[in-house]
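# Understanding the architecture of this molecule
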Amino acid sequence: MLPSFAYVRPTTLKAAVAALAAPGTRAHAGGTDLLGCLRDRVFPADTLVSLAGLPELVGVTPTAEGGLRLGAMTTVATVAGHPDIAARYRALAEAAAAVASPQLRNQGTLGGNLCQRPRCWYFRGDFHCARKGGGKCFAVDGENRYHCVFGGETCFIVHPSDTAPALVALDALVRLAGAGGSRVVPLEKFFVPPSADFTRETVLEPGEVLTEVVVPAPPAGARSTYRKVRARGAWDFALAGAAVSLGIEGGRVKHARVVLSGAAPIPWRVPAAEQALIGHRLDGATIARAADAAVAGAEPLADNAYKVPLLRCAVEEALTALNS
Amino acid sequence: MSPVCFAPDSGGGGGASTPAPWGETKVVGARLPRVDAYERVSGSAVYTLDLQLPGMLHAAIVRCPHAHARVKRIDTAKAETMPGVRGVLTGESPGAAIPWYQGREGPLSLLFDPHCRHEGEEVAAVAADTALQAHDAARAVVVEYEELPFVVDPDKALAPDAPKVHDWGNLLGQPRVTTRGDVAAGFAAADAVVEMTFRTPVQMHTPMEVHVSVAQWDGDRLTVWDSTQGVYAIREALAGALKLPLASVRVVGHYMGGGFGSKLELGKYTVIAALLARRLGRPVKAALTREETFLVAGNRPSNVITLKAGAKRDGALTALEARLSGPVGAYPTSAVSAYQIGDLYTCPNVKFETTNILIHAGKARPFRAPGFPSCNWALEQVVDTLAEKLGLDPVELRLKNIPTVSQLNDNAPYTSTGLARCLTEGAVAFGWTEARRRPKTAGHLRRGVGVAAGMWGYGGDPNATAIVTLYADGSVNLNTGASDLGTGTKTVLAMVVAEELGVAPDRIQVEHADTATTKFAPSSGGSQTVLVNSPAVRAAAIEVKRQVLEIAARQLDKPVGDLAVADGAVVVAGAGGKRVPFSELKGLGERRMLVGVGMRHPHPEGKLALPFAAQFAEVEVDTRSGAVRVLRVLAAQDSGRVMNRLTFNNQVFGGVVQGLGFALTEERVLDRATGKMVNANWHDYKVPTMLDSPAEAECLPIDPHDTECNTVGAKGLGEPAHIPAATAIANAIHDAVGVRPLEAPVTPARLVALLAAQERKG
Ligand SMILES: Cc1cc2nc3c(=O)[nH]c(=O)nc-3n(C[C@H](O)[C@H](O)[C@H](O)COP(=O)(O)OP(=O)(O)OC[C@H]3O[C@@H](n4cnc5c(N)ncnc54)[C@H](O)[C@@H]3O)c2cc1C
């Protein structure tokens, strides 16, 4: 059951940031992830600082540079249904549409989707695991069918977000506001792998708020897509997925981003797969080479080797879809 | 006033006056929306979970977090001083030393047993003003445990050095062997023999409404509102646990949010609510959290089934030999059923051995045809494989082996069996032959079709009493002890009254599932609710009709034989016959009401009335991702008469989707290192969603017009609609990609591995 906490709803970003500087506080966006964590005692909170009083954090607007600015409090449903996003950043629209369920997409926000905590059943369950300050990762020798095949070190979570791999593939930036002002970080650098620090998933410092996501203008000949494999049709995180963004000029791939989901503790960019694409025509042979490269070096645990062919398939299907 | 009007036994069911079977019906069988649809959809229906009584407290239960542990010490001091807390209950509290779970030599455990044999066992309980306060306080109870070695893997539980669940070890009873004929001779005579080993998952019940009770005392009398499948069964168990006379205990179970078998037995939470309510002098609600229901409210045990089958060239089965085993959890119940191996098909030589294993996990409870879907998973895949080996159409092979008698019951004949019709008419409606002829595509999306037959083995409790009361204005009260789990029981029983008494269903008020105000009905489980209660209701309605006609005969000075009831009136035979509305019957006006008591008649002697089914599925398998999409399902069901086509379809589609979960997505996962369940929630435990349900689902009722099974001609439906569903999908997967999914659920992980192994073999 949900423990008790205080709830404040500041009406300026400054006040929100100030409130969040106090220990024991947590930012509350849509609450779809946060309240579950509190109820399941994943972590405690004395005070929730709602971001719902900050209208400037909502909305999708064009940037001067030809990109799009997405406020952190924009709902996932809005992102999924926005015509500009569907037209120019298809991977993001598809990823947002693949999130959870209609109710959760209506309530959950883009910022919350990027900042959500891992879905590992040990982390969420009654297990004092490494990420919660305990001594070990229960997944290594435990029930690890849903855990990572890349980048697991001391902790074997997969990053839960669908929008994150799409946004990494689209070279998105995030703006983080803190007491001393704001900073802009490439989304790819926003996520923290366990090798760097297995107790956090993002570079957000206490008191910092993610205020917006900026996707730059797409490269020439841009096309992108997101392919997600899951155990059931809705309300389910990715078993495996791939976000791919390409720039194709003169029939050849000039720009490529291949990012896996359900694969690693962070959205897993695979430069080897990108290299296999760049400079080539997007034909069957190239696609197969890139798909192979995407999963080369995977290190499955006892129960998740199936993810390797699934990831390969996701990359192959995403690239094939971009070929037509 | 003629005394005959008040002789309830004269028309009350019993053998002699058993009414003739219905011919054509007017109301029964129609597509009638539920009588309580508005309440259920608008949210005004009060489920037990919604119930609020003045001064009501809320209970929360302290549970053992370990798979196996001994409680050394319980410290409730802090919890007792927390805000809102009214009382704490432990095994030491007066009256709380209640024995629980019967073994062969007496009780095996206690309401609060310091020896906790699975995660979630009850250790203490707290009552507080609000549920949140109660749960906070329960967390503040300090319990010191000695953790003990455990075994949760049934494959390891019978090893000599496995930690024991009970002193005697982990084998529950001895493996039981059942034999008919000579299997060795049967296999020797076979032209084809197949042997395979199957594994099925632990499936969870996941009813929409969690398990919940509200207890209130009035002096020495206890009233309990319970989300239960059977108020009478709960009353008996509750009175036993609290050592109260049956007459002092009232159990009420009105709106109910599903059970699937997990709400047939008394839960500890119910007794805990009663004990706290007695001590604190206030009503107490004990509602489990969703997570708790996964740990302590039952499950369908996993099964390991090795099945060998032999058949002649023409498909006639010569022998079936099987070993079935499964874990019951930490306390006795049954984990397996070989019934269909013994009885679905004619087979002279059969042998099966069943083994029940104890492990340190929550006790199993009956789950929609206990043991049958798991056994079906093995039997119907083996039969399919035989057909393949013999080059026969799977439908053809099954048709070769249709029994007309129950071989497990001294060859007692069935009152009816529509199994052959389910297969043949189902195949036609599905387009089976055409679908099988379609060439297989070469790409990564492969289609396949599959069939599975099934049967259910319980014919119902013959005892039930119903009361029908006709009031002076022509409105009716139907009084039945039956619980309506959400299946439409109230609606179907009201339709029976409407049929016999000629009143519109909306003139009928249903009063049900309350041991104080209704009479005995068996629990709504075992697919018996309609077939047990409808005949009792029919008998009661017929008795009221008899009284109506007698009154009318006197008033109109006509022989009873010239009168009939229709549209809330008595009608005189013949063209332009006079019509007297019930409200204008003088005798009824004087008496204010006519009462008919109806009792269920006995089952037909020497015969069995059982339902049968055959289901057909078409799937599309993505060979790259291992994803299986069920494109369409056709369920041909011989459940006798269709009482209401809408609720009939609901049962069938629900059974099919629950079977789809069994086949593709649902599976309890226990952590091997700690014995704790890791997916005890609705996200990690994957019940299929609407998007996973077949886009096309068709239900084909096969009514054999059974005039012997009972006086309404209906057989069971809830379970037979579920039993073959998973296996039809498995057989369709095999047809699509050529691999045998021996292990359920067929997740992308398993299917990708099977396909990779197939590729390696070439
Ligand atoms: C059953 C279920 C299934 C799901 N399935 C999927 C899925 O398939 N794919 C997927 O991608 N997601 C899935 N989700 C996750 C869901 O999309 C997220 O819960 C949602 O996007 C989070 O948004 P929110 O606004 O509700 O965040 P909140 O719950 O309010 O916050 C989440 C976390 O982020 C922090 N936070 C939120 N906003 C900010 C901000 N602006 N700055 C700093 N910190 C912030 C909060 O403090 C909190 O720790 C699922 C969730 C559930 C419950």
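Basis of the calculations
- Residues numbered from 1 in each chain as written.
- Chains lettered and ligands numbered in written order.
- Predicted model: local features only at pLDDT ≥ 70, side-chain atom pairs only at ≥ 80, totals over all residues.
- Heavy atoms only, no water.
- Helix = DSSP H or I, 4+ residues; strand = E, 2+ residues; numbered from the N terminus.
- Rg over C-alpha atoms; globule rule 2.2 N^0.38 Å.
- Buried < 20%, exposed > 50% of the residue type's maximum accessible area, 1.4 Å probe, protein only.
- Contact = heavy atoms within 4.5 Å.
- Areas by Shrake-Rupley, 256 points an atom, 1.4 Å probe, with all protein chains shown as cover.
- Lys, Arg positive; Asp, Glu negative; His and termini not counted.
- Charge placed at Lys NZ, Arg CZ, Asp CG, Glu CD.
- Expected span 1.5 Å × (residues − 1).
- Salt bridge = Lys/Arg side-chain N within 4 Å of Asp/Glu carboxyl O.
- Buried area = accessible area lost by both parts, 1.4 Å probe.
- Polar contact = N/O pair within 3.5 Å; in protein donor to acceptor, adjacent residues only side chain to side chain.
- Domains from an automatic or database assignment.
- Nonpolar A, V, L, I, M, F, W, Y, C, P; charged D, E, K, R; others polar.
- Pairing = 2+ DSSP bridges.
- Axes fitted to C-alpha atoms, helices over the stretch in contact; angles between N-to-C directions.
- Near = heavy atom within 4 Å.

### Section: the overall build of chain A
A tally of regular secondary structure across chain A gives 13 helices and 12 strands. A globule of 324 residues ought to have a C-alpha radius of gyration of about 20 Å, and chain A, at 19 Å, matches this closely. Seen through its C-alpha atoms, chain A measures out along the principal axes to roughly 60 × 50 × 35 Å. A buried classification covers 56% of the 324 residues belonging to chain A. Long-range contacts, defined as pairs at least 24 residues apart, comprise 62% of the intrachain contacts of chain A with a sequence gap of at least 6. By element, 56% of the accessible surface of chain A is carried by carbon and sulfur atoms, the whole surface being about 12,100 Å². Treating the 33 positive side-chain charges of chain A as one cloud and the 28 negative ones as another, the clouds have centres 3 Å apart.

### Considerations on the overall build of chain B
Tallying secondary structure elements over chain B gives 18 helices and 30 strands in all. Here the C-alpha atoms of chain B give a radius of gyration of 28 Å, agreeing with the 27 Å that 2.2 N^0.38 yields for 762 residues. With respect to the principal axes defined by its C-alpha atoms, chain B has extents near 85 × 75 × 45 Å. By the burial criterion, 62% of the 762 residues in chain B qualify as buried. Taking the contacts inside chain B whose residues are at least 6 apart along the sequence as the reference set, 80% of them involve residues at least 24 apart. A total accessible area of about 28,000 Å² is found for chain B, and carbon and sulfur atoms account for 53% of it. Charge-centre separation for chain B: the mean point of 77 positive side chains lies 1 Å from the mean point of 79 negative side chains.

### Focus on helix α13 (residues 489-501) of chain B
Helical geometry note: an α-helix holds 3.6 residues per turn, so side chains three or four residues apart project in the same direction. Residue and element names in this part refer to chain B. The end-to-end C-alpha distance of α13 is 18 Å, a good match for the 18 Å that 13 residues give at a rise of 1.5 Å each. Buried residues dominate α13, accounting for 13 of its 13 residues. Two residues or fewer past α13, Gly-502 is found with a positive phi of approximately 65°.

### Overview of the pattern of salt bridges
Two side chains of opposite charge can pair, provided their charged atoms sit close to one another. Across all of its chains, the model carries 67 salt bridges over all chains by this definition. For A:Arg145, the salt bridge identified is with B:Glu667, shortest N-O distance 3.3 Å. Of this pair, A:Arg145 sits in the loop between α8 (121-124) and α9 (163-169) while B:Glu667 sits in the loop between α16 (645-665) and β30 (696-701), which puts the two residues in different chains. Looking at A:Arg145, the relative accessible area reads 18%, which means it is buried. A salt bridge links B:Glu618 to B:Arg632; the nearest nitrogen and oxygen atoms lie 2.7 Å apart. Here B:Glu618, found in strand β28 (residues 612-622), pairs with B:Arg632, found in strand β29 (residues 628-638); they are 14 residues apart in sequence, far enough to count as distant. Here the residues in one salt-bridge network are A:Glu143, A:Arg145, A:Asp303, B:Glu667, B:Arg672, B:Glu743 and B:Arg750, joined through shared partners.

### Some points on the interface of chain B and chain A
A common way to state how big an interface is: give the accessible area lost once the parts meet. Counting residues at the interface gives 34 residues for chain B, matched by 34 residues for chain A. Summing both partners gives a buried area of about 2,900 Å² for chain B against chain A, and 58% of it is carried by carbon and sulfur. Among the residues of chain B in contact with chain A, B:Arg624, B:Arg672 and B:His683 are the three that bury the most area, contributing 20% of the side total. Here chain B and chain A share 9 salt bridges between them. Joining chain B to chain A, the criterion identifies 13 residue pairs in polar contact (both at pLDDT 80 or more). Only α3 (131-140) and α18 (748-761) of chain B provide two or more residues apiece to the side of chain B that touches chain A.

### Here's the deal with the domain arrangement of chain B
All names here are of chain B. Segmentation of chain B into domains returns domain 1 (4-30 + 460-599), domain 2 (48-148 + 210-256 + 263-296) and domain 3 (299-459 + 606-761). Each of domain 1 and domain 2 has a C-alpha centre, and these two points are 40 Å apart. With 19 residues of domain 1 at the contact, the number on the domain 2 side is 16 residues. When domain 1 packs against domain 2, the two sides together hide about 1,300 Å² of surface, and 50% of this comes from carbon and sulfur. Of all residues in domain 1, Leu-485, Thr-515 and Ser-523 give up the largest surface area on contact with domain 2, accounting jointly for 39% of the area buried on that side. There are 1 salt bridge connecting domain 1 and domain 2. One salt bridge in this structure joins Arg-250 and Asp-514, with 2.6 Å as the shortest N-O distance.

### As for the domain arrangement of chain A
All names here are of chain A. Per the domain assignment, the segments of chain A are domain 1 (55-116 + 157-215) and domain 2 (222-322). Contacts between domain 1 and domain 2 engage 28 residues on the former and 25 residues on the latter. In total, about 2,000 Å² of surface goes out of reach between domain 1 and domain 2, with carbon and sulfur atoms giving 60% of it. Between the two partners, domain 1 and domain 2, sit 3 salt bridges. With its nearest N and O atoms 2.7 Å apart, the salt bridge here joins Lys-228 to Asp-162. The tally of links from domain 1 across to domain 2 stands at 13 residue pairs in polar contact (both at pLDDT 80 or more). Elements with a minimum of two residues in the side of domain 1 that touches domain 2: α5 (90-97) and α9. No other element matches α9, which puts 5 residues into the side of domain 1 that touches domain 2. The residue makeup of the side of domain 1 that touches domain 2, split by class, is 19 nonpolar, 4 polar and 5 charged.

### Regarding the sheet that holds strand β25 (residues 569-572) of chain B
Residues and elements named next belong to chain B. Strand order in the open sheet formed by 3 strands is β24-β25-β26, and the pairing between neighbours is antiparallel. Each having just a single partner strand, β24 (563-566) and β26 (579-581) make up the two edges of the open sheet. Averaged over neighbouring strand pairs, the angle between their axes works out to 25° when direction is ignored. The pairing of β24 with β25 spans 4 bridges and is antiparallel.

### Notes on the pairing of strand β2 (residues 69-75) of chain B
Residue and element names in this part refer to chain B. Direction of pairing for β2 relative to strand β6 (residues 115-116): antiparallel, over a ladder of 2 bridges. Residue pairing across strands places Ala-69 opposite Cys-116, the latter belonging to β6. Summarising the sheet, β2 and strand β8 (residues 142-147) pair through 6 bridges and their orientation is antiparallel. Residue pairing for β8: Arg-73 is matched across the bridge by Glu-144.

### Things to note about the sheet that holds strand β7 (residues 181-186) of chain A
Residues and elements named next belong to chain A. One open sheet accounts for 5 strands, arranged β4-β5-β8-β6-β7; its pairing is antiparallel. Every other strand in the sheet has two partners, leaving β4 (60-62) and β7 as the edge strands with one partner each. Strand-to-strand twist in this sheet, taken as the mean axis angle between neighbours without regard to direction, amounts to 25°. Pairing of strand β6 (residues 173-178) with β7 involves 6 bridges; the strand directions are antiparallel. Directly across from Leu-173, in β7, lies its bridge partner Pro-186. On the sheet, helix α1 (residues 13-20) packs against β6 and β8 (209-215) and is oriented at approximately 125° with respect to β8.

### Observations regarding the site of the ligand
Residue and element names in this part refer to chain A. By nearness alone, 32 residues border the ligand, and Ala-27, Gly-30, Gly-31, Thr-32 and Leu-34 come closest of all. Taking Ala-27, its main chain carries an N or O atom lying 2.5 Å from an oxygen atom of the ligand. For the ligand, whose unbound accessible area comes to 970 Å², protein coverage reaches 95%. Of all elements in the fold, only β2 (25-28), α7 (110-115) and β8 reach the threshold of two or more residues within the shell around the ligand. Each of domain 1 (55-116 + 157-215) and domain 2 (222-322) accounts for three or more of the residues forming the shell around the ligand.

### Observations regarding unusual backbone geometry
One can expect most non-glycine residues to show negative phi and most peptide bonds to be in trans. Here the amide bond leading from B:Ala744 into B:Pro745 is cis, since omega sits at -5°, within 30 degrees of zero. Mapped onto the secondary structure, B:Pro745 falls in the loop between α17 (725-737) and α18. Positive phi values are uncommon outside glycine, yet A:Asp171 reaches one of about 60°. Locating A:Asp171 in the fold gives a position in the loop between α9 and β6. Residue A:Asp171 is classed as partly exposed on the basis of its relative accessible area of 26%. Even without a glycine there, the phi angle at B:Ser527 is positive, about 55°. Checked against the element boundaries, B:Ser527 lands in the loop between β23 (508-512) and α14 (529-556).

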